[in-house]
Amino acid sequence: MEMITKSIAYVGVDDENIDLFENQYHVPNGMAYNSYIIFDEKIAVMDTADKRCAVQWLENVTEALDGKSPDYLVVHHMEPDHAGSIQLLAERYPDMKLVGNKKTFTLLGQFFPTLSLPEERLVTVAEGGTLSLGSHTLTFFLAPMVHWPEAMVSFESSEGVLFSADAFGKFGVRHADEDWTCEARRYYFNIVGKYGGPVQTLLKKLAGAAVNVICPLHGPILTEDLGFYIGKYQLWSSYQPEDEGVTIACASIHGNTLHAAHVLAEILEKKGAKKVAFFDLSRDDMAEAVEDAFRYGKLILAASSYDAGVFPPMDDFLHHLAAKAYQNRTVGYLQNGSWAPSAAKTMKVVVDTMKNITQVEPVVTITSSLKDADIPALEALADAILA
Ligand code: FEO
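Residues numbered from 1 in each chain as written. Predicted model: local features only at pLDDT ≥ 70, side-chain atom pairs only at ≥ 80, totals over all residues. Heavy atoms only, no water.

**Student:** An account of the packing of aromatic side chains is requested, with residue identities and associated values reported.
**Tutor:** Under the definition given, this model contains 19 aromatic pairs. For the ring pair Phe 21 and Phe 171, a centre distance of 6.1 Å and an interplane angle of 70° mean the geometry is edge-to-face. Pair noted here: Phe 21 is in strand S4 (residues 20–21) and Phe 171 is in the loop between strand S15 (161–163) and helix H5 (180–192), with a separation of 150 residues, a long-range link. Assigned by exposure class, Phe 21 and Phe 171 land together as buried. Taken together, a centroid distance of 5.6 Å and an interplanar angle of 65° make the contact between Tyr 36 and Phe 163 edge-to-face. Placement of the pair is Tyr 36 in strand S7 (residues 36–39) and Phe 163 in strand S15, with a sequence separation of 127 residues. For Tyr 36, a relative accessible area of 1% puts it in the buried group. (Phe/Tyr/Trp six-rings, centres within 6.5 Å; stacked < 30°, edge-to-face > 60°. Helix = DSSP H or I, 4+ residues; strand = E, 2+ residues; numbered from the N terminus. Buried < 20%, exposed > 50% of the residue type's maximum accessible area, 1.4 Å probe, protein only.)

Quick look at the structure:
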């Protein structure tokens, strides 16, 4: 049994075989579904795991309990990647109570229509509610829309442990050999990105808590330099750019728009852009393109015209950005149109719906392929986006 502190055990699971998390995000390094047990006079299991890993998770729990029965299952979040094994545990331990808020139990009934629990097995907590386990006390903070309406976090004050639900989680198995920030940022903007306001509210609620350890539901347990991780969440949830640079997102049918976008990238680099992040939206990871659009303050949208609109991979990208409340950035356009260019005006319709976007001129139009005569316009676009 792996102990996180002297009385808190880790019983989560690494899912190394999953290809798409939430059936949409590529996770080359798998995914962790974290779960914990607090041992005290009363024993509390903190969340379950995706049913994909239910067998392994239950083995971990059974081994850690070593013949004892849990008194509580605390349900911080009802999304199936954490709640998927609730029924299994609730039926195995008929005296165990479930701890959640009002909305938790509404969702519980919806996800588990065949799980019938008497009222006395449901402990409903509200904002600031507490649960005493003996020397450990959990205080609950509701975290609506981080990233579902029933989400909540809990803070165990005797050891300073924050059970943060999805917050501070990342893609990848728990000990994935990779930078935390990169996969935590991709996770944050694609999964929680729309809900910057609720994240800020939660951070304010937690400002007074003396946190020593953050136990998220995904990714590593955070024990050191917590200000770094909290600072990243402050920044990301404020929708302010993180690093200086330009993202070029390109949707090209036959490669001519892609070539023009690559030439623009070279011009940007020559003119001193600190970083140019380039995405071929037909091939590259959409979630990473979304991540970098948020990471950097400037974005070039380069696309072919198509069906009197824009080539669909760009449409898809822009709708991802709009759905995640993309804002406070500078945007420029490069379009290709062989007879009636329509990409830029179609892209602009979506960008116009976003908050506080500076749209720079000139909009560069190439006809079928890039010519020498187009270079001055690319230079002007580069100057405008870097200004
Ligand atoms: Fe990790 Fe929102 O579930």
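Here the narrative resumes.
**Student:** Describe the environment of Lys 348, listing the residues and the values that go with them.
**Tutor:** If you trace the backbone, Lys 348 turns up in helix H11 (residues 343–351). Residue classification places Lys 348 among the partly exposed residues on the basis of a relative accessible area of 33%. Sequence separation between Lys 348 and Asp 66 is 282 residues, and the spatial gap between their C-alpha atoms is 61 Å. Beyond its immediate sequence surroundings of up to four residues, Lys 348 is in contact with Tyr 333 and Gln 359. (Contact = heavy atoms within 4.5 Å.)

**Student:** Describe the state of the cysteines, and please don't skip the residues or the numbers.
**Tutor:** In a disulfide, the sulfur atoms of two cysteines are covalently bonded to one another. Per the stated rule, a full pass over the model turns up zero disulfides. Free of any disulfide, Cys 215 has its nearest neighbouring cysteine sulfur in Cys 53, separated by 19 Å. Since its relative accessible area comes to 1%, Cys 215 is described here as buried. (Disulfide = S-S within 2.5 Å.)

**Student:** Requested: an account of the nonpolar core, with residues and values cited.
**Tutor:** Residues Phe 21, Ile 86, Leu 301, Met 314 and Phe 317 are the most contacted members of the largest nonpolar core, which totals 96 residues. Taken domain by domain, this core gets at least three of its residues from each of domain 1 (2–237) and domain 2 (243–386). By size, the runner-up hydrophobic cluster in this structure holds 23 residues, among which are Val 263, Leu 264, Leu 378 and Leu 381. (Core = buried A, V, L, I, M, F, W, Y, C linked by side-chain atoms within 4.5 Å. Domains from an automatic or database assignment.)

**Student:** Describe the packing of helix H10 (residues 312–323) against H11, naming the residues involved and giving the relevant values.
**Tutor:** Orientation of H10 relative to H11, taken along the N-to-C sense of each, is 15°, at an axis distance of 10 Å. Of the possible angle classes, the one that applies to H10 and H11 is roughly parallel. Considering the relative orientation of H10 and H11, their crossing is right-handed. Across from Met 314, Leu 318, His 319 and Ala 322 in H10, the residues of H11 making contact are Met 347, Val 350 and Val 351. Residues belonging to the contact of H10 with H11 are distributed by class as follows: six nonpolar, one polar and no charged. (Axes fitted to C-alpha atoms, helices over the stretch in contact; angles between N-to-C directions. Parallel < 35°, antiparallel > 145°, perpendicular 65-115°, else oblique. Left-handed = near helix turned anticlockwise from the far one by under 90°. Nonpolar A, V, L, I, M, F, W, Y, C, P; charged D, E, K, R; others polar.)

**Student:** Which residues make up unusual backbone geometry, and what values do they have?
**Tutor:** The peptide bond linking Val 146 to His 147 adopts the cis configuration, its omega dihedral lying at 0°. With respect to the helices, strands and loops of the structure, His 147 is situated in the loop between strand S13 (137–142) and strand S14 (152–156). Residue Pro 362 is reached from Glu 361 by a cis peptide bond, and omega for that bond is 0°. Note that Pro 362 resides in the loop between strand S22 (358–359) and strand S23 (364–366). In this model, Asp 47 sits at a positive phi of 70°, which is unusual for a non-glycine residue. Tracing the backbone through its elements, the reader meets Asp 47 in the loop between strand S8 (43–46) and helix H1 (54–65). For Met 145, which is not glycine, the phi dihedral falls at a positive 70°. You can see Met 145 is positioned in the loop between S13 and S14.

**Student:** Tell me about the sheet that holds S15, residues and numbers included.
**Tutor:** Read from one edge to the other, the open sheet built from five strands follows the order S12-S13-S14-S15-S16, with strand pairing classed as mixed. This sheet does not close on itself; its edge strands, each paired only once, are strand S12 (130–132) and strand S16 (213–215). Averaged over all pairs of adjacent strands, the angle between strand axes in this sheet comes to 20°, irrespective of strand direction. Bridge count between S14 and S15: three bridges; the pairing is antiparallel. (Pairing = 2+ DSSP bridges.)

**Student:** So what's going on with the pairing of S13? Which residues, and what values?
**Tutor:** Note that S12 and S13 share three bridges and pair antiparallel. Within the sheet, the bridge partner assigned to Leu 131 lies in S13 and is Leu 138. The hairpin turn running from S12 into S13, its antiparallel successor, is four residues long, and Gly 134 in that turn takes a positive phi close to 130°. In this sheet, S14 lies alongside S13 in antiparallel orientation, the contact comprising five bridges.

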